[in-house]
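Listed below are the residues making up each chain.
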Number of protein chains: 2
Amino acid sequence: MTSSNGAQKAPAKDPWQLPDVSGLVVGVLGGTGPQGKGLAYRLGRAGQKVIIGSRAAERAQAAAEELGHGVEGTDNAGCARRSDIVIVAVPWDGHGKTLESLREELAGKLVIDCVNPLGFDKNGAYALMPDEGSAAEQAADLLPDSRVAAAFHHLSAVLLQDPEIDEIDTDVMVLGEARADVEIVQALASRIPGMRGIFAGRLRNAHQVESLVANLISVNRRYKAHAGIRLTDV
Amino acid sequence: MTSSNGAQKAPAKDPWQLPDVSGLVVGVLGGTGPQGKGLAYRLGRAGQKVIIGSRAAERAQAAAEELGHGVEGTDNAGCARRSDIVIVAVPWDGHGKTLESLREELAGKLVIDCVNPLGFDKNGAYALMPDEGSAAEQAADLLPDSRVAAAFHHLSAVLLQDPEIDEIDTDVMVLGEARADVEIVQALASRIPGMRGIFAGRLRNAHQVESLVANLISVNRRYKAHAGIRLTDV
């Protein structure tokens, strides 16, 4: 595109130039579950200020103490209020209800949904299809005053929580509508050694990213692994 | 599980012990499109006997001649009839109709669906949801006398077709119901230098694997890449 005064198009922005997010406070709703706890541990260990939230403040405090690295714990509302970025790591089962109850506290915040709507039966895991299309789109619907992104779906809670492991060898697919928000999430993921945050589309393409966890569960079973994802040629 | 006569459970089968598929003839329906042509080229170059199919035999023959490596071309029905394994690389648009018309020729064959049902608009690509759940499940519905698997969804047609590239740095997620069939597909993928075929679940979990291509298209745009997927810790 050339403007009417003949100015040239600006050069494409370097997709690896990401903002400094080291001063932002990160809340983790559902921070006492394996995924939330693992993420809180990795981010705290990377030097991020982390507050985990739970329905019961005492449970959050107990989990925070266990994690160390300056992680604090409180109830979900306090966690949301005190954080700049809020990671949603609650079970899919209570996802909508929890977010709805925190609408006010989450207003103006960057909300990162990492929930995988899955069902389980004797043949293993399978994708559930939320009415809104995905957990992330449900969050966006329920939180009109928040900025919603999606990321951190494919991480092994076992590896995240293992203090013997120094690097998490994986890419984090980040989805969102606003480039500035997506870049904050990418930068946050990239603070964890071994991880890269990579833009991977808009929220309407979140469903397949969320439900790919069903496939990773099959992989883990067959290969006795904690599978993660890398994007090649990127 | 211990049987009543006290025998021990058999040791878990080595998931990397795959059958020898070097003698099987591979057909590629839609072999004149970029994806089909790329796959035919790589498999032919790896020493596999490949027959590409197209609605018009002459177009298939012309494409085959271009590819070399002993690749032959004929019409879709002839391709299906002469092959042991048939890769379906037709556009999603004609997927159901093409398979329905080849039901007889495909009876008894191992059919590998690699079709990605996607829509496109000004914001890029997005997942379509087939009534059957996925292209692979549609194939299984339409071909009750065939064995249907799904694989080869995330390959860059550009890289596949580039003769300067010796290795394709990617894993191939293979989905299917019968372990023996899945292993044949894994073995076939693993013949291409750089590729590993990895079991990644049953056909009911094919939709997210097929539609993840929409995310890879976003990645490719942002990073000027030909993104592929690797599974870590496997």
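Here the structure is a predicted model, which means the values were calculated and not measured.

**Considerations on the nonpolar core**
Item 1. Counting residues in each nonpolar core, the largest one holds 146 residues, and the members touching the most others are Ile87(A), Phe152(A), Ile87(B) and Phe152(B).
Item 2. Every residue in contact with Phe152(A), bar those within four places of it in the chain, is listed here: Gln35(A), Leu39(A), Ile87(A), Ile112(A), Cys114(A), Val172(A), Met173(A), Val185(A), Leu188(A) and Ala189(A).

**Digging into the UniProt feature "domain: Pyrroline-5-carboxylate reductase catalytic N-terminal" (unreviewed entry) in chain A**
Item 1. UniProt tags residues 26-117 of chain A as "domain: Pyrroline-5-carboxylate reductase catalytic N-terminal" (unreviewed entry).
Item 2. End C-alpha atoms of residues 26-117 of chain A are separated by 23 Å, and the span's content is 45% helix alongside 24% strand.

**Some remarks on the interface of chain A and chain B**
Item 1. On the chain B side, the residues contacting the 44 residues of chain A number 44 residues.
Item 2. When the two sides are added together, the surface that chain A and chain B hide from each other amounts to roughly 3,700 Å², 55% of it contributed by carbon and sulfur.
Item 3. Taken together, the connections running from chain A to chain B amount to 2 salt bridges.
Item 4. Here Arg204(B) makes a salt bridge to Asp121(A), at a shortest N to O gap of 2.9 Å.
Item 5. Between chain A and chain B we count 25 residue pairs in polar contact (both at pLDDT 80 or more) in total.
Item 6. Among the secondary structure elements, those contributing two or more residues to the side of chain A that touches chain B are β7 (124-127), β9 (170-176), α8 (179-190), β10 (195-199), α9 (206-223) and β11 (228-232) of chain A.
Item 7. Here the element with the most residues in the side of chain A that touches chain B is α9(A); it accounts for 12 residues.

**A look at the pairing of β9(A)**
All names here are of chain A.
Item 1. Among the 7 residues that make up β9, 7 are buried, leaving the element largely enclosed by the rest of the structure.
Item 2. Neither face of β9 is exposed, since Thr170, Val172, Val174 and Gly176 on one face and Asp171, Met173 and Leu175 on the opposite face are all buried.
Item 3. Judged from the 2 bridges that link them, strand β8 (residues 147-150) and β9 form a sheet pairing that is antiparallel. In the strand pairing of β9, Ala150 is matched with Leu175.
Item 4. The pairing of β9 with β10 spans 5 bridges and is classified as parallel. Among the inter-strand pairings, Val174 is bridged to a residue of β10, identified as Phe199.
Item 5. Traced from β9 through α8 to β10, the parallel crossover comes out right-handed.

Quick notes on the rules
- Residues numbered from 1 in each chain as written.
- Chains lettered and ligands numbered in written order.
- Predicted model: local features only at pLDDT ≥ 70, side-chain atom pairs only at ≥ 80, totals over all residues.
- Heavy atoms only, no water.
- Core = buried A, V, L, I, M, F, W, Y, C linked by side-chain atoms within 4.5 Å.
- Buried < 20%, exposed > 50% of the residue type's maximum accessible area, 1.4 Å probe, protein only.
- Contact = heavy atoms within 4.5 Å.
- UniProt positions renumbered as here; feature names shortened; annotations may be inferred.
- Helix = DSSP H or I, 4+ residues; strand = E, 2+ residues; numbered from the N terminus.
- Buried area = accessible area lost by both parts, 1.4 Å probe.
- Salt bridge = Lys/Arg side-chain N within 4 Å of Asp/Glu carboxyl O.
- Polar contact = N/O pair within 3.5 Å; in protein donor to acceptor, adjacent residues only side chain to side chain.
- Pairing = 2+ DSSP bridges.
- Right-handed = clockwise from strand over helix to strand, strands pointing away.

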